[in-house]
Amino acid sequence: MTGSRVVALGHYQPAKVLTNDDLAAMVDTSDEWITSRVGIKTRHVGGPDEPVDELASHAAAKALASAGLQPADIDLVLVATSTAVDRSPSMSARVAARLGMRSPAVMDINVVCSGFTHALATADHAIRAGAAGRALVIGADKMGDVVDWTDRTSCVLMGDGAGAAVVSADPDDGERPGIGPVLWGSVPEMGNAVRIEGTPPRFAQEGQSVYRWATTQLPPIARKVCERAGVTPEELAAVVLHQANLRIIEPVARRIGAVNAVIARDVVDSGNTSAASIPMALSKLVERGEVESGAPALLFGFGGNLSYAGQVIRCP
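Residues numbered from 1 in each chain as written. Predicted model: local features only at pLDDT ≥ 70, side-chain atom pairs only at ≥ 80, totals over all residues. Heavy atoms only, no water.

Moving on to the overall build of the protein. The helix and strand tally for the protein stands at 10 helices and 14 strands. Based on the C-alpha atoms only, the size of the protein along its principal axes is roughly 55 × 45 × 40 Å. Out of the 316 residues belonging to the protein, those deemed buried represent 59%. Put simply, of all contacts in the protein between residues at least 6 apart along the chain, 77% involve residues at least 24 apart. When the accessible surface of the protein is split by element, carbon and sulfur atoms take 48% of a total near 12,700 Å². (Helix = DSSP H or I, 4+ residues; strand = E, 2+ residues; numbered from the N terminus. Buried < 20%, exposed > 50% of the residue type's maximum accessible area, 1.4 Å probe, protein only. Contact = heavy atoms within 4.5 Å. Areas by Shrake-Rupley, 256 points an atom, 1.4 Å probe, with all protein chains shown as cover.)

Under the defined criterion, the tally for this structure stands at one cavity of 30 Å³ or more. In this structure, the largest cavity encloses a volume near 40 Å³. The biggest single contributor to the lining of the largest cavity is strand 14 (residues 307–314), with three residues. Across the lining of the largest cavity, the residue classes tally to five nonpolar, one polar and one charged. (1 Å grid on protein atoms, 1.4 Å probe; cavity = no way out; pocket = protein on both sides within 12 Å on 5 of 7 lines; lining within 4 Å. Points joined across faces, edges and corners; volume = space filled by probe spheres on them. Nonpolar A, V, L, I, M, F, W, Y, C, P; charged D, E, K, R; others polar.)

Angle between the axes and distance between the axes are the two parameters that describe a pair of packed helices. Remark: helix 7 (residues 207–229) packs on helix 8 (residues 246–256), axes separated minimally by 9 Å, with the N-to-C direction vectors making an angle of 30°. When the axes of helix 7 and helix 8 are compared, the crossing they make is right-handed. The segment helix 7 lies against helix 8, with Tyr211, Ala214, Thr215, Thr216, Pro219, Ala222 and Arg223 engaging Arg247, Ile248, Pro251, Val252, Arg255 and Ile256. (Axes fitted to C-alpha atoms, helices over the stretch in contact; angles between N-to-C directions. Left-handed = near helix turned anticlockwise from the far one by under 90°.)

What follows covers the side chain of Gln13. Its location among the elements puts Gln13 in the loop between strand 1 (3–12) and strand 2 (17–19). Here the side chain of Gln13 touches Ser270 through a polar contact of 2.9 Å, side chain to side chain. Contact partners of Gln13, with chain neighbours within four places excluded, come to His44, Asp160, Gly161, Ser270, Met280 and Lys284. (Polar contact = N/O pair within 3.5 Å; in protein donor to acceptor, adjacent residues only side chain to side chain.)

Rendered as C-alpha cells:
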C-alpha cells in the first residue's frame, strides 16, 4: 500500500472581527473576564451572505494554489462540519461545484470539534486503499450561527472560519510516514457534554466536565498517538490541538511532554472554530515559517460527542 502526505494548506476567515470589548457592549462581560477564563481576544464572524461552503471554498482554493494543483486534480472531497444548514446538497458537494471539479467523491463528516482529524484519517485510509489519489480535506464551521449571543458563557468562545489540506499519495512513505496512524475514539456516556441541538440549533456545553476530561484524560491518549507514529513527544516540532480554550491547550500540551514544540495558540485571535480550528492553526504556523517542511507535528482534535482523533503528520 502507498501512504499519503499533506502537500499544502490553506485557511480563510470572514473579514468582520469581534473583539472582547465589542462583546462587552452586548452582554455582561469584559475583556479581563474573557481573557482570564479562555484566553480569547478576538474572533471572526461571518455574515448571512457567507455560508459555510463559501468559507470552505476559499480555504480550499488557497490550498490548491499552494499545491500548484487544479480542482480537476482532486478525486475526493471531505468536509468536516457541524454547522451545515441543509441536509443536501452536502457541503462537500457544494464546495466541489463552487471550485468547478469534474467528478470527485464527496462526503461530509460531522464529528464536531474533532472532525478535521477524523476526515484527515479517512482521506489517508482512502488513499492507502487505492480508492483515491488526491484528496481535499476541509474543516469549516460558522459557530456564530449556532451560538446564543445573549449567553455570556458561550458567545465569548466562538468564531467562524475554514482550513483546508491537500492530501496526496506518497509512494515513498517508508519509515517516515507523511500521515501517521490515527488513534480515535469517544466517551459515549458523556456525549451530551457538548451539544448543538434544537430548532433553531444552539450550542451548549458542560464546561467544567469538558475541562476535566480534556486536561486529565487526553494527554496520555495524545502520547499514544506519538507512539503509534514512532515519534517521541520531545521530537515533535509542533503541537496543534483543537483550539477550544487556552486554559485547556496549554496544560494538555505540557502534559504531553512536547518540550521542543511550537504550540498553536490561534484560539487567542480566532476563538473556537470547531472543525476549522486545527487546519486553520496549522496553516498559519506553516505560512509564518514557524515549523519546517518535513517536521513532525501532532494534530489532536477533541470535543463534541466527547470524541477525539489524532495523528502525527510531516508538515508540507
